[in-house]
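Working through the structure, step by step
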Amino acid sequence: MADAALKLGAEPKETFMDKVRNLLPEEGHLNLCLTCGACSSGCPATGLEGMDPRKFLRMAALGMDEEVTSTPWVWMCTMCTRCVHACPMQINIPQLVFQARKSWPEEKKPRGIVQSCKAAMIDKATSSMGATSEDFVESVEETLEQVRSQQRGYKDLQVTFDRKGAKYFLNQNSREPMAEPDEMVPLWKIMHEAGADWTYGTAGWAAENYCMFAGNDEEWEKIVRTKAEAVDALGCEYWLNTE
Amino acid sequence: MVRKTFGESVADDMRYVLKACVGEENFVDTWPNKSNNFCCGGGGGFLQSGFKSARQEYGKLKHDQIMETGAKYVITPCHNCHSQVHDLSHHFEGGYECVHLWTVMALSMGILGPDERVYLDASLSECGINECTLPPDE
C-alpha cells in the first residue's frame, strides 16, 4: 500500500530554506535543483539515517522544516563539498547542512563537538583539547631536548615561539603536542633542512576549530580572529595551517 | 584543501612531493581523485560527534578505494584524515598503514628519528635508523 500523501501547509510561510537562501551569495543556487541525483550518487553519507543530499535539499524545498532541522544526518555530512562539485547547478547543499546544524539547540548538539568548541574558548591557545599555551611550550621544549640529545645532526635544532618577523607562522593540531609529540619532529627537521624562517606562536597555535563544526558562528569567528591576530602581531608573511 | 581552497594545482603539488619521496613507480593514485575524490569521513567534527558506526560506514567508500589501489601505505594530509583512515584500516581489517606526509618526507631524506616511526610497519621501521641516531654516549 502506498504511503499516505504528504500534506503541505496551505499558509505561505518563510521556510528554513528561504532563510538560508537569503544568507548566501547568489542564494546558494538552492532553487535551481534539477533533481538529477549527481550529488547523492557520489556522497559517502548517502544512506546514513535514510538520508542523502538530494533528499535533504528536496525536503527543504518542500518546506519540511522540522525534519530538515532535526535529522542527525547533518552531523554525518562532513560538508566536504563533493556534491557542489558534482552538481550541474552548483547548489550549496553543505551550507544548508551547516545552517541546519546551527538551528539545533545547544544541549541537543553532539556533546563531543560542543565540548571541543568550549575547550577552545578557555585560553588564547584555541585548543579543542583545552591545552594552554604553557602546555604547548612545555611539550615542544621537552620533545626538542630529546631530539637534540638523541639524533645525529640536530644538536642545535631550533624551535622558536613568538619570534617577530619570521616569514612563516606554523600551527599544529592539538593532538600532536598533547598526545603524539614525536609527530611534530619530522616537520621541524623538514623546515630546518629547507632553511625556512618559521616560528610557533603562543597564541592561536592550535590548528583545529570545532566551533565551526558545532555551528557556533560567534565562537568560530572568535577562534579565527585570535589566530589571525596572533599571526599579524608577529608580522609573519605566511600562516601555515597544518590542518 | 583541493575542492574548497587551492584547486587541482595543490593536488598536483602533493603528488609531485610524494613521488619525489617514494619514486614514481611506488605511487598509486586513488580513483576518482583530486576534485572528484571522496572525503574519508574524519572531518566536519565527525570524529568527535559520537556517531562511530555511521562514521565507519561513511568511510567504507574511502576504504574500498584504498583497497583497490593495493597500496601498503596511505598518506594523509591532516590529523583528522590520519585518525579516520587509521581507524578504517583497523575496523575493516584492511592491513594498510596510514602515515603523515612529513613522515615519508623525513624517511626519504634519511632524517626520520627512532621515535617518529610509530605508523611504519616492520619493513620500514628500521630503515636508515642508525644513520640518524647518536650513540648513547656521544
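Calculation rules
Residues numbered from 1 in each chain as written. Chains lettered and ligands numbered in written order. Predicted model: local features only at pLDDT ≥ 70, side-chain atom pairs only at ≥ 80, totals over all residues. Heavy atoms only, no water. Disulfide = S-S within 2.5 Å. Helix = DSSP H or I, 4+ residues; strand = E, 2+ residues; numbered from the N terminus. Buried < 20%, exposed > 50% of the residue type's maximum accessible area, 1.4 Å probe, protein only. Axes fitted to C-alpha atoms, helices over the stretch in contact; angles between N-to-C directions. Parallel < 35°, antiparallel > 145°, perpendicular 65-115°, else oblique. Left-handed = near helix turned anticlockwise from the far one by under 90°. Contact = heavy atoms within 4.5 Å. Nonpolar A, V, L, I, M, F, W, Y, C, P; charged D, E, K, R; others polar. Buried area = accessible area lost by both parts, 1.4 Å probe. Salt bridge = Lys/Arg side-chain N within 4 Å of Asp/Glu carboxyl O.

Points about the state of the cysteines
Residues and elements named next belong to chain A. Under the definition given, this model contains one disulfide over all chains. The disulfide partner of cysteine 117 is cysteine 211, and the S-S distance across this bridge is 2.2 Å. Judged by the torsion about the S-S bond (95°), the cysteine 117/cysteine 211 disulfide is right-handed. Of the two residues, cysteine 117 is situated in helix H7 (residues 111-120) and cysteine 211 in helix H11 (residues 210-213); the sequence distance between them amounts to 94 residues. The same class applies to cysteine 117 as to cysteine 211, namely buried. Just so you know, cysteine 77 is unpaired, no disulfide at all, and the nearest cysteine sulfur is the one on cysteine 43, 6.4 Å from it. Using a relative accessible area of 12% as the deciding quantity, one classes cysteine 77 as buried.

Some thoughts on the packing of helix H2 (residues 8-22) of chain B against helix H5 (residues 101-108) of chain B
All names here are of chain B. Where H2 contacts H5, the two axes come as close as 9 Å, and the packing angle between them is 40°. Classed by the angle they form, the pair H2 and H5 counts as oblique. Where H2 crosses over H5, the handedness of that crossing is left-handed. Residue-level inspection shows Val17, Leu18, Cys21 and Val22 of H2 in contact with H5, the latter providing Leu101, Val104, Met105 and Ser108. Its residues assigned to classes, the contact of H2 with H5 shows seven nonpolar, one polar and no charged.

Regarding the interface of chain A and chain B
Contacts between chain A and chain B engage 42 residues on the former and 46 residues on the latter. In total, about 3,900 Å² of surface goes out of reach between chain A and chain B, with carbon and sulfur atoms giving 57% of it. Where chain A packs against chain B, one counts one salt bridge. Breaking the side of chain A that touches chain B down by element, the ones donating at least two residues are helix H5 (82-86), H7, helix H8 (133-150), helix H9 (175-179), helix H10 (185-193) and H11 of chain A. The element contributing the most residues to the side of chain A that touches chain B is H10(A), with six residues. Of the residues belonging to the side of chain A that touches chain B, the class tally is 17 nonpolar, 13 polar and 12 charged.

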